[in-house]
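# Structural description and commentary
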Amino acid sequence: KAYCVVNCYNPLGRNTILFDNDVAGVAITTPDELVVLEGQTVNVPVRLNTEPKKDVKIKVELSNKEAHTDVEEITLNSENWKEGVIVHISGTQDEMIDGDKPFDMTFTFTSDDESYQAIEPMKISGTVKDADTAEIFVSMGDAPIVKEGSSDFVTMSLSLSSKPTAAVDVAI
C-alpha cells in the first residue's frame, strides 16, 4: 500500500510520498529442505507479518499419514501475531522398511480481517525419512550349555526390528 501525503513539511517544499511497509502476510519458517525422521519432530514457526484487526484462523492439513501434526487449526490474533505459534510436524513411526516418503503440508487462512482475507493457501513439501532397519534379534536368556548329542533343549527368542512385508525364514 502506498499513501501520498500532499503538502507535508519537507525542507525542499515538495510533496512527500510515504510507503506503508506493513503488508498483511504470513511467515512460515522451514529449512530449505524439510526432512522429518520417522518418530522425530520438526518445529515449524508460523506468525503474521502485521497485527490483525480480527482473528486469523489457519488450518493445517497434511497430504498423507506419513507425517502428522499436533494441531489441525491455529488462531493468531492481536495478542500472539508477532511471536506466532510453533506447529510440530512428526514423522509417523510405521515400523516398516518402506523408504523415504514425500508429504505436503497446506496452510489455509480465514479471517474477518479484510487484510488477511486474500491470502492464498500455502503449500510446503517435505520428506519423511525412513528410520527402520532389517535386523533380527536373538535372545537366549540364561540357557545352559548343551553338549552335542544331548536331549536337552535351549529356548531362544527371535524378534524383528521392523514389520516384514513377506515371510521371514531364519536358518539355525
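Look up a bit, the structure's there.
This write-up is about the structure you can find in this document. Just so you know, these numbers come straight off a predicted model, no measurement behind them.

Within the element layout of this structure, Asn-80 appears in the loop between strand 8 (73-76) and strand 9 (85-91). Using a relative accessible area of 17% as the deciding quantity, one classes Asn-80 as buried. With 28 residues separating them in the primary sequence, Asn-80 and Pro-52 have C-alpha atoms 9.9 Å apart. Residues within four places of Asn-80 in sequence aside, it is in contact with Thr-75 and Val-85. A polar atom in the side chain of Asn-80 sits 3.2 Å from the backbone oxygen of Thr-75.

It is worth spelling out the side chain of Ser-111 at this point. Inspection of the secondary structure assignment puts Ser-111 in strand 10 (residues 101-111). At 2.7 Å, the side chain of Ser-111 and the backbone oxygen of Asp-55 are in polar contact. Engagement of the side chain of Ser-111 in a polar contact is seen with the backbone nitrogen of Asp-113, the distance being 2.9 Å. Dropping the residues within four chain positions of it, Ser-111 is found in contact with Lys-54, Asp-55, Val-56, Tyr-116 and Gln-117.

Enumeration according to the criterion identifies three salt bridges in this entry. Salt-bridge contacts for Glu-61 lead to Lys-59; the nearest nitrogen and oxygen are separated by 3.9 Å. Given a relative accessible area of 41%, Lys-59 falls into the partly exposed group. Close ionic contact of Lys-123 with Asp-104 constitutes a salt bridge, the shortest N to O distance being 3.9 Å. One end of the pair, Lys-123, is in strand 11 (residues 122-129); the other, Asp-104, is in strand 10, and 19 residues separate them in sequence. Taking the relative accessible area as the measure of exposure, Lys-123 reaches 58% and is therefore exposed. For Asp-104, a relative accessible area of 24% gives the class partly exposed.

Parameters at a glance
- Residues numbered from 1 in each chain as written.
- Predicted model: local features only at pLDDT ≥ 70, side-chain atom pairs only at ≥ 80, totals over all residues.
- Heavy atoms only, no water.
- Helix = DSSP H or I, 4+ residues; strand = E, 2+ residues; numbered from the N terminus.
- Buried < 20%, exposed > 50% of the residue type's maximum accessible area, 1.4 Å probe, protein only.
- Contact = heavy atoms within 4.5 Å.
- Polar contact = N/O pair within 3.5 Å; in protein donor to acceptor, adjacent residues only side chain to side chain.
- Salt bridge = Lys/Arg side-chain N within 4 Å of Asp/Glu carboxyl O.

Such coordinate-based values are descriptive only and should not be taken to indicate function.
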